Amino acid sequence: MDRSINTLSLPEAALEYAKQGWQVLPLHNPVGDGRCSCGDLNCGSRAGKHPRNSGGVKKASADLKVVEKWWQEWPNANIGIATGENSGFVVLDIDTKSNGPQSLGAMIREYGELPQTLHVQTGSGGEHILFQYPGDGITNRTGIRDGVDFKTQGGYIVAAPSVHASGNRYQWSVFDCGIAGMPAWLLSLLREKKASIVAGGTVEEGKIPAGQRNSTLFALACSLRKRGLVDKALYMALKVMNDTQCDPPLDE
């Protein structure tokens, strides 16, 4: 990603994203005093963030003619980029108002560092952290932790240099690298289906298919170690999970 995109006009930036094959869509834009171009006085936190086009994110496009036509019609439209398979990336959405940075920090301390990847600073001071689309098996999630949401197929983000209701612009903050793959621990957290650690280290609900067993057991091991389990208890908890949840179980 070229940092200069932060300084482009909205129509120019929308075309640049489309040239990369990213699926874009026009969004409403703030028009002053927190109001939105949609005209709804109760738009609130959605000001400048919801679609202008018919069909919304389902009709997001990388067709240059379509994109050019949209921004000719709405030259001040904010830019949305669809997340998921078509654009090839997913996003961790960190919200400062809900203690997102603190929650993310706690996750990193518990599970491990994030790889170097593209970051966007949002207009509210939050962050969008991009990772390569990992395929099926994960869905959009809100509240992974306080202030930490996840966007994939069917979701979208507001992109630089769009304008936030505060008057601040979205901008690329880490731009001189590629989009990294997701760390195994994060992928495991996102693929959990109502699995929960209970007393004694057992896990209830949900099956763990081949391809997700190692990463899921690793994430559980990290969590249980942080809870103070010693080696023998940790091993027994993992063995119970493997025997009852993994489909098929890993060998001992």
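Conventions adopted
One numbering rule holds for all chains: residues counted from 1, following each sequence as written. Residues qualify for local features only when their pLDDT is at least 70, as the model is predicted, and side-chain atom pairs are given and counted only at 80 or more; totals for whole chains, interfaces and linings, by contrast, use all residues. With hydrogens and water set aside, each side-chain value is computed from the structure's full complement of heavy atoms. Here the term buried applies to any residue with accessible area under 20% of the maximum for its type, exposed to any over 50%, and partly exposed to those in between, with areas from a 1.4 Å probe on protein chains only. A helix here means a DSSP run of H or I that spans at least four residues, while a strand means a run of E at least two residues long, and both kinds are numbered starting from the N terminus. We treat two strands as partners when DSSP finds at least two bridges between them. Only Phe, Tyr and Trp rings take part, Trp by its six-membered ring, and two of them pair if their centres are within 6.5 Å. Stacked means planes under 30 degrees apart, edge-to-face means over 60, and tilted covers everything else. By arc we mean the arc of the directions from the helix axis to the C-beta atoms, nothing more. Contact definition: two residues touch when any of their heavy atoms are within 4.5 Å. To get an axis, fit a line to the C-alpha atoms, keeping to the stretch in contact for a helix; angles then go from 0 to 180 degrees between the N-to-C directions. The cut-offs work like this: below 35 degrees is roughly parallel, past 145 is roughly antiparallel, 65 to 115 is roughly perpendicular, and the gaps in between are oblique. If you view the pair so one helix is near and one far, a crossing is left-handed when the near helix is turned anticlockwise from the far one by less than a right angle, and right-handed when it is turned clockwise. Side-chain atoms alone can form a polar contact between residues adjacent in sequence; in general such a contact is a pair of N or O atoms within 3.5 Å, and within protein one must be able to donate a hydrogen while the other accepts it. Any Lys or Arg side-chain nitrogen located within 4 Å of an Asp or Glu carboxyl oxygen qualifies as a salt bridge.

Draft legend 1. Region of interest: the pairing of strand 9 (residues 148-151). Side chains Val-148 and Phe-150 of strand 9 all project onto a buried face; the interleaved residues Asp-149 and Lys-151 project onto a face where none is buried. By the bridge criterion, 4 bridges tie strand 5 (residues 89-94) to strand 9 in an arrangement that is antiparallel. Note that in strand 9 the partner of Val-91 across the bridge is Lys-151. Judged from the 2 bridges that link them, strand 8 (residues 141-145) and strand 9 form a sheet pairing that is antiparallel. From the neighbouring strand, Arg-145 faces strand 9, where its bridge partner is Val-148. Adjacent in sequence and paired antiparallel, strand 8 and strand 9 are bridged by 2 residues, among which Gly-147 carries a positive phi angle near 75 degrees.

Draft legend 2. Structural detail: the packing of aromatic side chains. Considering all chains together, one arrives at 6 aromatic pairs under this definition. Measuring from centroid to centroid gives 6.5 Å for Trp-70 and Trp-71, while their planes differ by 70 degrees, and the two rings are edge-to-face. No difference in accessibility class separates Trp-70 from Trp-71, as the two residues are buried. Through a chain of ring-to-ring contacts, three or more aromatic side chains come together here, namely Tyr-17, Trp-22, Phe-89 and Trp-172.

Draft legend 3. Spatial organisation of helix 1 (residues 10-19). Of all the residues in helix 1, the buried ones are Leu-10, Ala-13, Ala-14, Tyr-17 and Ala-18. Taken around the axis of helix 1, the buried residues stretch over an arc of 140 degrees, which confines them to a single face. Elements in contact with the buried residues of helix 1: strand 1 (24-27), helix 2 (64-73), strand 4 (78-82), strand 10 (156-159) and strand 11 (171-174). Gly-21 sits one or two residues past helix 1 and shows a positive phi near 90 degrees.

Draft legend 4. Representation of the side chain of Asp-93 in the model. Relative to the helices and strands, Asp-93 resides in strand 5. On the basis of relative accessible area, Asp-93 is assigned to the buried category, the value being 14%. Setting aside its immediate chain neighbours within four residues, Asp-93 contacts Glu-127, His-128, Gly-147, Val-148, Asp-149 and Lys-151.

Draft legend 5. How the structure looks around unusual backbone geometry. Between Ala-160 and the following residue, Pro-161, the backbone shows a cis peptide bond with an omega angle of 5 degrees. The residue Pro-161 is located in the loop between strand 10 and strand 11 in this model. Of note in the backbone geometry, Asn-99 takes a positive phi value of approximately 65 degrees without being a glycine. Structurally, the position occupied by Asn-99 is in the loop between strand 5 and helix 3 (100-111).

Draft legend 6. Examining the packing of helix 1 against helix 2 more closely. The interhelical angle for the contact between helix 1 and helix 2, taken along N-to-C directions, is 165 degrees, at an axis separation of 10 Å. Judged by the angle between their axes, helix 1 and helix 2 are roughly antiparallel. Seen from above, helix 1 lies across helix 2 with right-handed handedness. In contact with Leu-10, Pro-11, Ala-14, Leu-15, Ala-18 and Lys-19 of helix 1, helix 2 contributes Leu-64, Val-67, Glu-68 and Trp-71.

Draft legend 7. Local environment of the side chain of Thr-83. Structurally, Thr-83 can be placed in the loop between strand 4 and strand 5. Only 2.6 Å separates the side chain of Thr-83 from the backbone oxygen of Thr-152, close enough to count as a polar contact. Contacts of Thr-83, omitting those with residues within four sequence positions, involve Phe-89, Val-91, Lys-151, Thr-152, Gln-153, Gly-154, Gly-155, Tyr-156 and Ile-157.

Draft legend 8. Up close: helix 2. Among all positions of helix 2, only Val-67, Trp-70 and Trp-71 are buried. Take helix 2 and look down its axis: the buried residues cluster within an arc of 90 degrees, on one side only. Facing away from the buried side of helix 2 by more than 90 degrees, the exposed set consists of Lys-65, Lys-69, Gln-72 and Glu-73. Against the buried residues of helix 2 lie helix 1, strand 1 and strand 4. Where helix 2 begins, one side-chain oxygen reaches toward the backbone nitrogen of Lys-65, 2.9 Å away; that side chain belongs to Asp-63.

Draft legend 9. Structural view of the pattern of salt bridges. Scanning the entire structure with this criterion turns up 2 salt bridges. The salt bridge involving Glu-16 is made with Lys-19; its shortest N-O contact spans 3.5 Å. With Glu-16 and Lys-19 both in helix 1 and 3 residues apart, the pair spans about one turn of that helix. Residue Lys-19 is classed as exposed on the basis of its relative accessible area, which comes to 56%.

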